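# Architecture at a glance
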Amino acid sequence: MTVTLFHNPKCSTSRKALELLQEKGVQPTVVEYLKTGWDAATLDRLAGETGLGLSGLLRKREAKTAELLASGASEETIRAAMIADPVLVERPIVQTPKGARIGRPVENILHIL
């Protein structure tokens with residue numbers, strides 16, 4: 001099974017997700033999205049696979065997220081903001097052939113393994 005972890009190594013929850021996957025015998029493809037950035041196709045795919053839409057992928061602890069949501073930003077505007085500032089995307093995200101989940105709490109990822 002192909003598993004991709006969209007990962008921020010500085011985030012303890014993201015590190016816990018990687019550890020959990022490895023404990024389950026999964027060696028994921030790790031994408032350090034703060035280095036590689038995001039593209040529209042990947043964001044749209046993850047938004048669909050999680051069932052959360054783009055606004056559901058926003059990291060709630062970021063001030064810019066509150067601004068985007070308060071202003072009623074369109075999906076296009078949210079996508080552009082995520083591409084311009086990758087930290088706006090919640091972490092970690094795990095993607096498998098069964099779908100994608102945000103790993104908060106980290107046990108959420110078990111549903112798609």
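Residues numbered from 1 in each chain as written. Predicted model: local features only at pLDDT ≥ 70, side-chain atom pairs only at ≥ 80, totals over all residues. Heavy atoms only, no water.

Attention shifts here to the nonpolar core. Within the largest apolar cluster, 18 residues are counted, with the highest numbers of intra-cluster contacts made by W38, L46, L57, M82 and I93. Residues in contact with W38, not counting those within four places in the same chain, are F6, Y33, L43, L46, M82, I83, P86 and V89. (Core = buried A, V, L, I, M, F, W, Y, C linked by side-chain atoms within 4.5 Å. Buried < 20%, exposed > 50% of the residue type's maximum accessible area, 1.4 Å probe, protein only. Contact = heavy atoms within 4.5 Å.)

Let us now look at the side chain of H7. Among the secondary structure elements, H7 is positioned in strand β1 (residues 4–7). Excluding residues that lie within four positions of it along the chain, H7 makes contacts with S14, R15, L18, V30, V31, E32 and Y33. (Helix = DSSP H or I, 4+ residues; strand = E, 2+ residues; numbered from the N terminus.)

A word on the pattern of salt bridges. Two side chains carrying opposite charge are able to pair once their charged atoms lie near each other. Under the defined criterion, the tally for this structure stands at five salt bridges. With its nearest N and O atoms 3.3 Å apart, the salt bridge here joins K35 to E32. Between R79 and D44 there is a salt bridge, and its shortest N-O distance comes to 2.8 Å. A residue pair is termed long-range when its members are at least 10 positions apart, and R79 in helix α6 (residues 75–84) and D44 in helix α3 (residues 40–50) qualify at 35 residues. Judged by its relative accessible area of 18%, R79 is buried. (Salt bridge = Lys/Arg side-chain N within 4 Å of Asp/Glu carboxyl O.)

Our next topic: unusual backbone geometry. P92 follows R91 through a cis peptide bond whose omega is -10 degrees. Here P92 lies in the loop between α6 and β3 (93–96). In this model, R104 is joined to P105 through a cis peptide bond whose omega is -5 degrees. Relative to the helices and strands, P105 resides in the segment after β4 (99–102).

Let us look at the sheet that holds strand β2 (residues 29–32). The four strands are arranged β2-β1-β3-β4 in an open sheet whose pairing can be described as mixed. Strands with a single pairing partner mark the edges of an open sheet, and in this sheet they are β2 and β4. With strand direction ignored, the average angle separating the axes of adjacent strands in the sheet is 20 degrees. Alignment of β3 against β4, held across four bridges, turns out to be antiparallel. Each bridged residue has a counterpart across the sheet, and for Q95 the counterpart in β4 is A100. Strands in contact with helix α1 (residues 12–23) are β1, β2 and β3; relative to β1, the strand with the most contacts, it is inclined by about 160 degrees. Each of β1, β3 and β4 is contacted by α3, which is oriented at about 85 degrees to β4, the strand it contacts most. (Pairing = 2+ DSSP bridges. Axes fitted to C-alpha atoms, helices over the stretch in contact; angles between N-to-C directions.)

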